[in-house]
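Observations on the three-dimensional arrangement
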Amino acid sequence: MPLRQLQYPLNMFKILKYSFFDLMRSRWSYVYFMFYLLLGFVLLFLNNDISKAVITLMNIIIVLVPLIATIFGVMYYYNSKEFTELLLAQPVKRTSIFLGQYLGVAGSLTLSLIFGLGIPFLCYGLFRSMVIWDFALLLVVGGFLTMIFTALAFNISLSNENKIKGFGYAVLMWLFLAVIYDGIFLVSLIVFEEYPLDNFSLAATMLNPIDLSRTLILLKLDISALLGYTGAVFKQFFGTNLGFLVSLGTLILWTVLPISRLMLKSKRKDF
Amino acid sequence: MNNLDLDVENGGIYAVLGPNGSGKTTLIKSILGMVIMDDGQIEVSGQSIKNNWLYRKEINYLPQIANFPGNLRVNELIKMIKDLRNKNNRADELIQLFNLNSFLDKKLSTLSGGTKQKVNILLAFMFDSPVYILDEPTTGLDPAALLNLKDLIRKEKQAGKTILITSHILQFVEEMADQIIYLLEGKIYFRGTMQSLLKKTHQTKFDHAIAAIAIPSEHV
């Protein structure tokens, strides 16, 4: 029956719509939006240079966006547990419920980011500047990081019945990818300095979406001084354009993989 | 839960009772497809529930805990569930019955526990489905709402619906149920009418009979 096949994405969209409404009205969405709004205005008007503002923003975004997405994802999942059970009892496919909720969370966070940073940049006269593409890339990467870390957070919550444990694992995951990973990476570069490390550092960067995002933005900005070792290897290995495409592709893979596991896991889980 | 064989005919009120951890919730969740069985088979209105989700159109479910997205308004929540089920409904009639008119524009996070339960009942009863599953339906209700709920359940029964209820309020069970299904350690320990339960346990009162049933004795 074609109607039956149509019902599946339709139901997902309905669940997405209401999750999104619910979240957009939450106080935390406003706080998140206001934070970026303030950050954008302060950075632009304190630093008269838009490219410097973009770099500072990048440094904040690649750490803060994953943290907020992780916490929001975990909190949303556990808070809506009973409501999810009500939805599970409706004639709706499980994957439409979880995909809908996931896209509602990731979508509302992405919108807060885009509007929060977009408004100050527009006020400053973004369109007169050549930095518009750098800025757009910053928002795209912010969107990807939101999607990736919300999906990872949903995965962790789905696998842990215990709220405290789930929350703990999620924060640890963020801490590992945002802070500890770089530390280990640097230490291993120093320890193994006598060996050729090109392939190692390429792989290490690919395996961490935060590092990958940083490299992607720096490749676009083309600031050799800031590229660091990995960036330089990337640039040397792929050239700026291919490096950009490869890292973007890997970022997409980082988004698709946790979403697929989310769908698989939700199909098999007992609630 | 294993070796549970239960066949519920169309029509009537079935109370599923049992101590904590006896498998009441697991039974309900298996029927709803929330818990996936390792083995065994469940059919609702003749359709197997395995790898199927459309059969849930036949079931109205009242969950035990009424916890809804806090920033949605009551009427938005009702609209959401209507959208998902796409079926004729009698939401307006139930809004009148439970006096929910003044709450329609309120956010769900601001409602009291009893009012949330009324919304919960409304969501479960607004569609015309052959099977009802009610998990602790009386939680937090005031006396007037409780009377309304009992009337609703009786009307649905008269309309030939099959209603499964779990409740810890024995008075409510005694008043409503046609049949008792008593679960113990994942098995059906007793199934039958109130009279046969009293007879089997040699008791005259329902609460004593329920207390006595789980204690094995040579008379039973």
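A short tour of the structure in this document, coming up. (Residues numbered from 1 in each chain as written. Chains lettered and ligands numbered in written order. Predicted model: local features only at pLDDT ≥ 70, side-chain atom pairs only at ≥ 80, totals over all residues. Heavy atoms only, no water.)

1. Structural notes on unusual backbone geometry
Residue and element names in this part refer to chain B. In this structure, Asn 86 is a non-glycine residue whose phi angle is positive, near 55°. Located in the positive-phi region is His 202, a residue other than glycine, with phi close to 55°. Here His 202 is to be found in the loop between α7 (194–201) and α8 (206–213). (Helix = DSSP H or I, 4+ residues; strand = E, 2+ residues; numbered from the N terminus.)

2. As for a nonpolar patch on the surface
Residue and element names in this part refer to chain A. On the surface, Tyr 169, Leu 172, Leu 175, Phe 176, Val 179, Ile 180 and Ile 184 cluster together to form a nonpolar patch covering roughly 620 Å² of accessible area. Relative to the assigned elements, Phe 176 resides in helix α7 (residues 163–191). Judged by its relative accessible area of 36%, Phe 176 falls in the partly exposed class. (Patch = residues over 30% accessible without salt bridge, like charges linked within 9 Å, V, L, I, M, F, W, Y side chains within 5 Å. Areas by Shrake-Rupley, 256 points an atom, 1.4 Å probe, with all protein chains shown as cover. Salt bridge = Lys/Arg side-chain N within 4 Å of Asp/Glu carboxyl O. Buried < 20%, exposed > 50% of the residue type's maximum accessible area, 1.4 Å probe, protein only.)

3. Here's the deal with the packing of α7(A) against helix α8 (residues 198–206) of chain A
All names here are of chain A. It is the contact of α7 with α8, at a shortest axis distance of 11 Å, that shows an interaxial angle of 180°. On the basis of the axis angle, α7 is roughly antiparallel to α8. Here α7 contributes Tyr 181, Phe 185, Ser 188 and Leu 189 to the contact with α8, which in turn contributes Phe 200, Ser 201, Ala 204 and Thr 205. (Axes fitted to C-alpha atoms, helices over the stretch in contact; angles between N-to-C directions. Parallel < 35°, antiparallel > 145°, perpendicular 65-115°, else oblique. Contact = heavy atoms within 4.5 Å.)

4. With respect to the packing of aromatic side chains
Residues and elements named next belong to chain A. Summed over all chains, the structure comprises 17 aromatic pairs over all chains. Judged by centre distance (6.1 Å) and plane angle (20°), the ring pair of Phe 41 and Phe 45 falls under stacked. In this pair, Phe 41 and Phe 45 are both assigned in helix α2 (residues 27–46), four residues apart and thus about one turn of the helix distant. What makes Phe 41 partly exposed here is its relative accessible area of 29%. Note on Phe 45: relative accessible area 48%, which makes it partly exposed. Cation over ring: Lys 269 sits above Phe 271, and NZ or CZ is 5.5 Å from the ring centre. (Phe/Tyr/Trp six-rings, centres within 6.5 Å; stacked < 30°, edge-to-face > 60°. Lys NZ or Arg CZ within 6 Å of the ring centre and 35° of its normal.)

5. A look at the interface of chain A and chain B
The partner chain B presents 32 residues to the 29 residues of chain A that form the contact. Across the interface of chain A and chain B, roughly 3000 Å² is buried in total on both sides, 59% from carbon and sulfur atoms. The largest per-residue losses of area from chain A upon contact with chain B belong to Tyr18(A), Arg25(A) and Pro91(A), which jointly make up 23% of the total buried on that side. Among the ionic pairs, Arg25(A) bridges to Glu76(B), the shortest N-O distance being 2.6 Å. Connecting chain A to chain B are 15 residue pairs in polar contact (both at pLDDT 80 or more). Among the elements of the structure, α1 (2–24), α4 (81–88) and α10 (224–268) of chain A are those that each provide at least two residues to the side of chain A that touches chain B. Considering each element in turn, the side of chain A that touches chain B owes the most residues, nine residues, to α1(A). For the side of chain A that touches chain B, the class distribution of residues is 11 nonpolar, five polar and 13 charged. (Buried area = accessible area lost by both parts, 1.4 Å probe. Polar contact = N/O pair within 3.5 Å; in protein donor to acceptor, adjacent residues only side chain to side chain. Nonpolar A, V, L, I, M, F, W, Y, C, P; charged D, E, K, R; others polar.)

6. Looking at the side chain of Lys118(B)
All names here are of chain B. Here Lys 118 shows up in helix α4 (residues 113–125). Relative accessible area serves as the criterion here: at 14%, Lys 118 is assigned to the buried category. Residue contacts for Lys 118: discarding those within four places in its chain leaves Phe 98, Leu 100, Leu 141, Asp 142 and Ala 145.

7. Let's talk about the pattern of salt bridges
Evaluation of the coordinates by the stated rule reveals 15 salt bridges over all chains. Here Glu85(A) ties to Lys29(B) by a salt bridge, and the two come within 3.6 Å at their closest N and O atoms. Of the two residues, Glu85(A) is situated in helix α4 and Lys29(B) in helix α1 (residues 24–32); the pairing between them involves two chains. In this structure, Glu85(A) and Lys29(B) share a single accessibility class: buried. Across the pair Arg154(B) and Glu175(B) runs a salt bridge whose closest N-O atoms are separated by 3.1 Å. In this pair, Arg154(B) is assigned in helix α5 (residues 143–158) and Glu175(B) in helix α6 (residues 170–176), connecting sequence segments 21 residues apart. For Arg154(B), a relative accessible area of 31% translates into the label partly exposed. Because the salt bridges share partners, they merge into one network encompassing Arg90(B), Glu93(B), Asp128(B), Glu156(B) and Lys161(B).

8. So, the packing of helix α6 (residues 132–159) of chain A against helix α9 (residues 209–221) of chain A
Helix packing for two helices is described by the angle between their axes and how far apart those axes are. Residue and element names in this part refer to chain A. Put simply, α6 and α9 touch, their axes get as near as 10 Å, and they point 170° apart. Between α6 and α9, the angle falls in the class roughly antiparallel. Counting all contacts with α6, which are made through Trp 133, Asp 134, Leu 137, Leu 138, Val 141, Leu 145, Ile 148 and Phe 149, the residues of α9 involved are Pro 209, Ile 210, Ser 213, Leu 216, Ile 217, Lys 220 and Leu 221. Its residues assigned to classes, the contact of α6 with α9 shows 12 nonpolar, one polar and two charged.

9. Let's talk about the environment of Trp133(A)
Relative to the assigned elements, Trp133(A) resides in helix α6. Linking Trp133(A) and Ser112(A), residues 21 residues apart in sequence, is a C-alpha distance of 20 Å.

On their own, these measurements won't tell you what the molecule is for.
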